[in-house]
Amino acid sequence: MLFVLADDFSGAAEIGGIGHRYGLRTEIQLRLDTRSTADLVVLDTDTRALSENDATKRIFDIATALKKLEEPVRLFKKIDSVMRGHLIPELNVMQDCFNFRRIFLMPANPGRGRKIIKGEYFISGVSLRDTVFATDPDFPANSSHIAERIGSYTSTLPHVHVTASAAFPSSSIITGDIESKVDLKKYVAGTDENDLCCGAAELFESYLEHLGFSIQAENSPDAELANAEFTLIINGSTVKNQDEYEWYRRLNIAQLSLPGNFNGVEYQWSDESAMEWFRKVLNSLHTRKVAVVTIDHPVQHNKILSQKFLRYFVELMDYITRHVPLNRIHFYLTGGATASALIRHYTETKLLVKREITPGAVSLVMNRNEKTQACFTVKPGSYAWPSKLLESFSI
């Protein structure tokens, strides 16, 4: 069996979509179930949202449970492509548990302009420290140099940076220059079951191909994704996609922004305004069969405020599902934290991967019972919904 540990929900869903594309029966687990019969299990460890101590404890518990399995498993560690999260501390725990010969740490996604050149990370030609990731409130990219990013932690294995054509040392954390997917394939080709591969989406694609899998499922962005009667689109990301907003306006789809106002750094809304907003969303669903809810407020790098916004979205879903059964609504969720909070409100176990619409945008069902299943399609905030999908919402 193949297990992938992902440190946030959107990363787990993205990997699940890739597994589906390569013909694997895939499930996303929110709590580890080692009895699964799926070909691919992607566990959302949710450790990026935790403190370092809590994150390493959770990884230790998961790794210990996996190590006790009688059947051999192949492990892959899904990480953020710009190395946000408790990366080295989590890898240290996994190394202590499994004693890997080497850890291949290859975070870049060159197909999306995220490359490592001469040991320095670039996004579309811009040094990482000069991008928006330098101001990330939780894991700011203070340096673009891979050696400095890794060297800020004490790692169990020594770190070595190489090129794809070099000989790979043993007993090391190996990073490398990555300018194309060909480079990723070269790194993966030098690994075996004694090594841990650790990276983002394009490394996982190369990893599956190295194991002998090939693409089976075609992406169908214009296909009907569910038989649900209603469509509720919740954009909890602070990343604004102006093209998407323009699509909604052109298709005459209501965009209902979270009410309330900032009073200094405090965000305030009344019970009356909240109930009025809930009713507007429900009315839009009844009259148009579709509604879009958003956060249309200035970006505030404040974790307490982010949690408050997520709680408002949970309250909205509770209100809506008191009037419309959950299985009659297809939820389209933007933003990993948003998707995680809303889905975990309804289940703490697992979801099945139903379809990959486009890379990163994945449809999931909440259980195996066709009569009671709920459907969620999720994507990161920086990704756009396919235009054909948006057009289908107005039909």
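Our subject in this report is the structure included herewith. Given the structure is predicted, the values throughout are model-derived calculations rather than measurements. All residue numbers refer to position in the chain's written sequence, counted from 1. Whole-chain, interface and lining totals are the exception, using all residues; otherwise, since this is a predicted model, local features are given only for residues with pLDDT of at least 70 and side-chain atom pairs are given and counted only at 80 or more. Only hydrogens and water are set aside; all other atoms, that is, all heavy atoms of the structure, feed into the side-chain values.

So, about the overall build of the chain. Only runs of H or I of at least four residues qualify as helices and only runs of E of at least two qualify as strands under DSSP, and these elements are numbered from the N terminus. In terms of helices and strands, the chain carries eleven helices and 20 strands. Against the compact-globule benchmark of 21 Å for 395 residues, the chain has a radius of gyration of 21 Å, which places it among compact chains. For the chain, the spread of C-alpha atoms along the three principal axes comes to 65 × 45 × 35 Å. Buried positions account for 55% of the 395 residues belonging to the chain. Here the chain displays about 17,300 Å² of accessible surface, and carbon together with sulfur accounts for 48% of that area. In this description the radius of gyration comes from C-alpha coordinates, and the expected globular size is given by 2.2 Å times residues to the power 0.38. Exposure categories follow from relative accessible area, calculated using a 1.4 Å probe and restricted to protein chains: below 20% of the type maximum is buried, above 50% is exposed, and the middle band is partly exposed. Note on areas: these come from Shrake-Rupley sampling with a 1.4 Å probe, and a residue is covered only by the protein chains present in the view.

Residues Glu-244, Tyr-245, Trp-247 and Tyr-248 constitute the buried set of helix H7 (residues 242–250). Angular distribution of buried residues about the axis of H7 spans 155°; they occupy a single face of the element. Turned more than 90 degrees off the buried face of H7, the exposed positions are Gln-242, Asp-243, Arg-249 and Arg-250. Contacts: residue pairs with any heavy atoms within 4.5 Å of one another. Packed against the buried residues of H7 are strand S12 (230–235), strand S13 (255–257), strand S16 (290–294), strand S20 (375–379) and helix H11 (387–393). Within two residues after H7, Asn-252 carries a phi angle of roughly 60°, on the positive side. The arc refers to the directions leading from the helix axis to the C-beta atoms.

Strands were regarded as paired on the criterion that DSSP finds at least two bridges between them. Pairing is antiparallel in the open sheet, where three strands are placed in the order S6-S7-S8. Here the strands that pair on one side only, and so sit at the sheet edges, are strand S6 (114–117) and strand S8 (126–127).

Quick look at the side chain of Asp-7 now. Examined against the element boundaries, Asp-7 turns out to sit in the loop between strand S1 (2–6) and helix H1 (9–21). Residue class for Asp-7 comes out buried when judged on its relative accessible area of 4%. Engagement of the side chain of Asp-7 in a polar contact is seen with the side chain of Arg-48, the distance being 2.9 Å. Setting aside residues up to four positions removed in sequence, Asp-7 forms contacts with Asp-44, Thr-45, Asp-46, Thr-47, Arg-48, Lys-77, Lys-78, Arg-84 and Gly-85. Any pair of nitrogen or oxygen atoms within 3.5 Å is treated as a polar contact; in protein, a donor-acceptor pairing is required on top of that, and neighbouring residues in sequence qualify only through side-chain atoms on both sides.

Positive phi outside glycine occurs at Asp-46, with the angle close to 60°. Mapped onto the elements, Asp-46 comes out in the loop between strand S3 (40–44) and helix H2 (52–67). A residue is classified by how much of its surface remains accessible, and Asp-46, at 22% relative accessible area, is partly exposed. The backbone of Asn-99 shows a phi angle near 50°, a positive value even though the residue is not glycine. Note that Asn-99 resides in the loop between helix H3 (87–98) and strand S5 (102–106). A relative accessible area of 61% places Asn-99 in the exposed class.

What follows is about the state of the cysteines. In what follows, a disulfide is any cysteine sulfur pair within 2.5 Å. Counting across every chain of the model gives zero disulfides. No disulfide involves Cys-97; its nearest neighbouring cysteine sulfur is the one of Cys-198, lying 15 Å away. By relative accessible area, Cys-97 is classed as buried at 9%. In this structure Cys-197 is a free cysteine whose sulfur lies 8.8 Å from that of Cys-198, the closest cysteine sulfur available.

A few words on the nonpolar core. One finds Phe-9, Leu-105, Phe-204, Trp-277, Val-281, Leu-333 and Phe-376 to be the most contacted residues of the largest nonpolar core, which totals 105 residues. Take this core: its biggest share by element is nine residues, from helix H9 (residues 303–323). When neighbours within four sequence positions are excluded, Val-281 is seen to be in contact with Leu-232, Leu-256, Ala-291, Val-293, Leu-316 and Ile-320. Here the nonpolar core consists of buried residues drawn from Ala, Val, Leu, Ile, Met, Phe, Trp, Tyr and Cys, with membership extended through side-chain atoms lying within 4.5 Å. In this structure, Tyr-248, Val-290, Ile-357 and Leu-389 belong to the second largest nonpolar core, which totals 14 residues.

Our next topic: the pattern of salt bridges. Salt bridges are counted wherever a side-chain nitrogen of Lys or Arg sits within 4 Å of a carboxyl oxygen of Asp or Glu. A full pass over the atoms with the stated rule returns 28 salt bridges. For Asp-61, the salt bridge is made with Lys-57, and the minimal N-O distance between the two is 3.3 Å. With Asp-61 and Lys-57 both in helix H2 and four residues apart, this pair spans about one turn of that helix. In this structure Asp-61 comes out as partly exposed when scored by relative accessible area, which is 40%.

Running from N to C, helix H5 (residues 181–189) and helix H6 (residues 201–210) point in directions that differ by 50°, and their axes come no closer than 9 Å. Judged by the angle between their axes, H5 and H6 are oblique. In the packing of H5 onto H6, the handedness of the crossing is right-handed. The segment H5 lies against H6, with Lys-181, Leu-184, Lys-185, Val-188 and Ala-189 engaging Glu-202, Leu-203, Glu-205, Ser-206, Tyr-207, Glu-209 and His-210. Under this grouping Gly is polar, as are all residues other than the nonpolar Ala, Val, Leu, Ile, Met, Phe, Trp, Tyr, Cys and Pro and the charged Asp, Glu, Lys and Arg. Considering only residue class, the contact of H5 with H6 consists of five nonpolar, two polar and five charged. Only the contacting stretch of a helix is used when fitting its axis, a line to C-alpha atoms as for every element, and angles between N-to-C directions run 0 to 180 degrees. Roughly parallel here means an angle under 35 degrees, roughly antiparallel means over 145, roughly perpendicular means 65 to 115, and every remaining angle is called oblique. The crossing is said to be left-handed when, going from far helix to near helix, the turn is anticlockwise and less than a right angle, and right-handed when the turn is clockwise.

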